[in-house]
Amino acid sequence: MTTKPLLLTTIAALTIFSSSCKTYYMPVGTFLEQVPTLETVNLRQVTAQDPLGHKHTYSVYPIDSIKCFDKDGTPYKLKNGPSIEIRFTDINGKRSTFYFDRTWVIQDSVIGIQSRILSLKKAIPVSTIKTIEVQDGRKKYKYINQ
């Protein structure tokens with residue numbers, strides 16, 4: 001009788017593991033090449049739809065795919081979209097996660113939106129960024145005017 005719960009637990013664990021989000025990495029220099037300071041780039045307007053059907057229009061960098069690397073250092077192009085998340089770890093080990101399309105570089109800081117619902121903004125000095133991770137959060141946001 002104990003094999004059935006063990007089998008169900010194993011299947012559930014494998015399902016969660018196989019459907020988890022793959023994390024990619026990006027050197028700070030590569031990030032700054034793709035996301036230059038706001039003073040030097042023309043943004044484009046997009047309209048995104050959230051899981052409840054509400055539409056939001058905002059400006060984003062004109063990036064169709066994000067250049068990053070897998071854990072082995074192999075280059076990868078991740079399709080940009082409203083569900084892409086970017087996580088910055090600073091030199092003290094503190095992590096900050098933003099939506100990639102709601103992240104900007106202004107002068108010497110990265111400014112990003114941490115929550116689409118609450119529109120929480122946070123700034124991080126570029127000089128304190130140690131690592132950058134990128135992943136598709138698989139949230140049901142989508143662009144509707146592309």
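Relevant structure appears above.
Residues numbered from 1 in each chain as written. Predicted model: local features only at pLDDT ≥ 70, side-chain atom pairs only at ≥ 80, totals over all residues. Heavy atoms only, no water.

Chemist: Mind showing me how you'd approach the overall build of the protein here?
Modeler: Tallying secondary structure elements over the protein gives two helices and twelve strands in all. Counting helices and strands in the order they occur from the N terminus, the protein gives α-β-α-β-β-β-β-β-β-β-β-β-β-β. Out of the 146 residues belonging to the protein, those deemed buried represent 39%. Here the contacts in the protein between residues at least 6 apart in sequence split such that 56% fall between residues at least 24 apart. About 9200 Å² of surface is accessible on the protein, with carbon and sulfur atoms providing 57% of the total. (Helix = DSSP H or I, 4+ residues; strand = E, 2+ residues; numbered from the N terminus. Buried < 20%, exposed > 50% of the residue type's maximum accessible area, 1.4 Å probe, protein only. Contact = heavy atoms within 4.5 Å. Areas by Shrake-Rupley, 256 points an atom, 1.4 Å probe, with all protein chains shown as cover.)

Chemist: Help me understand the nonpolar core, please; the structure alone is not making it clear to me.
Modeler: Looking at soluble globular proteins, one finds that nonpolar side chains tend to be buried together. Counting 25 residues, the largest nonpolar core has F31, I86, F88, F100, V110 and I132 as its most contacted members. Residue assignment for this core shows that the elements contributing at least two residues are strand 4 (65–69), strand 6 (84–90), strand 8 (103–106), strand 9 (109–113) and strand 11 (129–136). Setting aside residues up to four positions removed in sequence, F31 forms contacts with M26, I86, F88, F100, T103, V105, V110 and I132. In this structure, V46, A48, Y58 and V60 belong to the second largest nonpolar core, which totals five residues. (Core = buried A, V, L, I, M, F, W, Y, C linked by side-chain atoms within 4.5 Å.)

Chemist: What am I meant to see in the environment of F31 here?
Modeler: Relative to the helices and strands, F31 resides in helix 2 (residues 28–34). Note on F31: relative accessible area 0%, which makes it buried. Linking F31 and I132, residues 101 residues apart in sequence, is a C-alpha distance of 8.2 Å.

Chemist: Can you walk me through the sheet that holds strand 3 (residues 55–60) in this structure?
Modeler: Across a sheet, paired strands are connected by hydrogen bonds in the backbone, their directions being either parallel or antiparallel. Strand order across the open sheet formed by three strands is 3-2-12, with antiparallel pairing between neighbours. Each having just a single partner strand, strand 3 and strand 12 (142–143) make up the two edges of the open sheet. Of the strand pairs in this sheet, strand 2 (residues 44–49) and strand 3 are connected by six bridges, and their pairing is antiparallel. In the sheet register, T47 faces strand 3, and the bridge partner there is T57. (Pairing = 2+ DSSP bridges.)

Chemist: I'm lost on the side chain of R102 in this one. Help?
Modeler: Locating R102 in the fold gives a position in the loop between strand 7 (95–99) and strand 8. For the buried R102, no salt bridge is present, and the opposite-charge side chain at shortest range is D101, 5.4 Å distant. For R102, the contacting residues outside a window of four places in its chain are Y58, S59, I111, G112, I113 and R116. (Lys, Arg positive; Asp, Glu negative; His and termini not counted. Salt bridge = Lys/Arg side-chain N within 4 Å of Asp/Glu carboxyl O.)

Chemist: Sorry, what's going on with the sheet that holds strand 10 (residues 121–125) here?
Modeler: Within the open sheet, the three strands sit side by side as 8-9-10. Their pairing is antiparallel. One side of each edge strand has no neighbouring strand; the edge strands of this open sheet are strand 8 and strand 10. Taking each pair of neighbouring strands and ignoring which way they run, the sheet shows an average axis angle of 25°. (Axes fitted to C-alpha atoms, helices over the stretch in contact; angles between N-to-C directions.)

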